[in-house]
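# Working through the structure, step by step
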Amino acid sequence: MSDPTVGVRPTRTPELESLDPPTPARPAAGGARLDSLLDMMLPVTIEFGRTSLSMQEVLDLGPGSVIQLDRLVGEAVDIYVSDRRMAEGEVVVIGERFGVRITRVLPRPHESAPSRGDR
């Protein structure tokens, strides 16, 4: 059998757009601006603690019942944005309302920050 001859020719690669992420100063491909995303409202949840109760304990709950949580006084609370644990903080009082002071921002999810079920 004879070896077939393989022809080689140079190819041209198409021009690709920059791999830098779009910014307000530099819109995304096609001229679409992402500014409108900055006004998007996201749910924020503060978790003080958790516990488990038996069905009987749940049925026994009523006005004045106290449920003990797994957190100690002064321990950091978890701050979730759209069901992702994003930060930790401490409870503060602002006038007659509660607030949370952020004490630690957690690494991005792809950097192995635990999600709500991983705590």
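In this numbering scheme, every chain counts its residues from 1 along its sequence in written order. Totals for whole chains, interfaces and linings use all residues, but because this is a predicted model, local features are given only for residues with pLDDT of at least 70 and pairs of side-chain atoms are given and counted only at 80 or more. Calculated side-chain values reflect all of the structure's heavy atoms, with hydrogen atoms and water omitted.

Further remarks concern the overall build of the chain. Tallying secondary structure elements over the chain gives 1 helix and 4 strands in all. Working definition: helices are DSSP H or I runs of at least four residues, strands are E runs of at least two. Numbering for both runs from the N terminus. Taken from N to C terminus, the helices and strands of the chain fall in the order β-α-β-β-β. When a residue's accessible area, from a 1.4 Å probe over protein chains only, is under 20% of the maximum for its type it is buried; when over 50% it is exposed; and in between it is partly exposed. Taken across its 119 residues, the chain has 13% of its residues classed as buried. Considering only contacts within the chain whose residues lie at least 6 apart along the sequence, 34% involve residues at least 24 apart. For the accessible areas, the method is Shrake-Rupley and the probe is 1.4 Å, while residue cover comes only from the protein chains on display. Carbon and sulfur atoms make up 57% of the accessible area of the chain, which totals about 10600 Å². In what follows, a contact means two residues having at least one pair of non-hydrogen atoms within 4.5 Å.

Grid points spaced at 1 Å over the protein atoms alone were grouped into cavities, where a 1.4 Å probe fits but cannot get out, and pockets, open sets with protein on both sides within 12 Å along at least five of seven lines, with lining residues defined by an atom within 4 Å of a point. Grid points are joined across faces, edges and corners, and a volume is the space filled by probe spheres set on the points. Its volume calculated, the largest pocket comes out at about 200 Å³. Together, Phe-48, Leu-69, Arg-71, Leu-72, Val-73, Gly-74, Glu-75, Val-77, Glu-90 and Val-91 line the largest pocket.

A positive phi angle, near 50°, is found at Ser-82, a position not held by glycine. Relative to the helices and strands, Ser-82 resides in the loop between β2 (77-81) and β3 (84-94). On the basis of relative accessibility, which here comes to 34%, the residue Ser-82 falls in the partly exposed class. With a phi close to 65°, Asp-83 is a non-glycine residue in the positive phi region. Residue placement: Asp-83 occurs in the loop between β2 and β3. Accessibility expressed as a relative area gives 55% for Asp-83, which makes it exposed.

Secondary-structure assignment places Met-86 in strand β3. Residue Met-86 is classed as partly exposed on the basis of its relative accessible area, which comes to 34%. As for Met-86 and Val-44, which are separated by 42 residues in sequence, their C-alpha atoms are 9.7 Å apart. Ignoring sequence-local partners within four residues, the contact set of Met-86 consists of Ile-79, Tyr-80, Val-81, Val-105 and Leu-106.

Another aspect to go through is the pairing of β2. In terms of burial, β2 is a largely internal element, 4 of the 5 residues being buried. Where β2 lies against β3, 5 bridges are found, and the strand directions are antiparallel. Residue Asp-78 lies in a different strand from β3, and its bridge partner there is Glu-88. Two strands make a pair as long as DSSP finds a minimum of two bridges between them. Joining the antiparallel neighbours β2 and β3 is a turn of 2 residues, in which Ser-82 adopts a positive phi near 50°.

Function-wise, these values are silent; they only describe arrangement.
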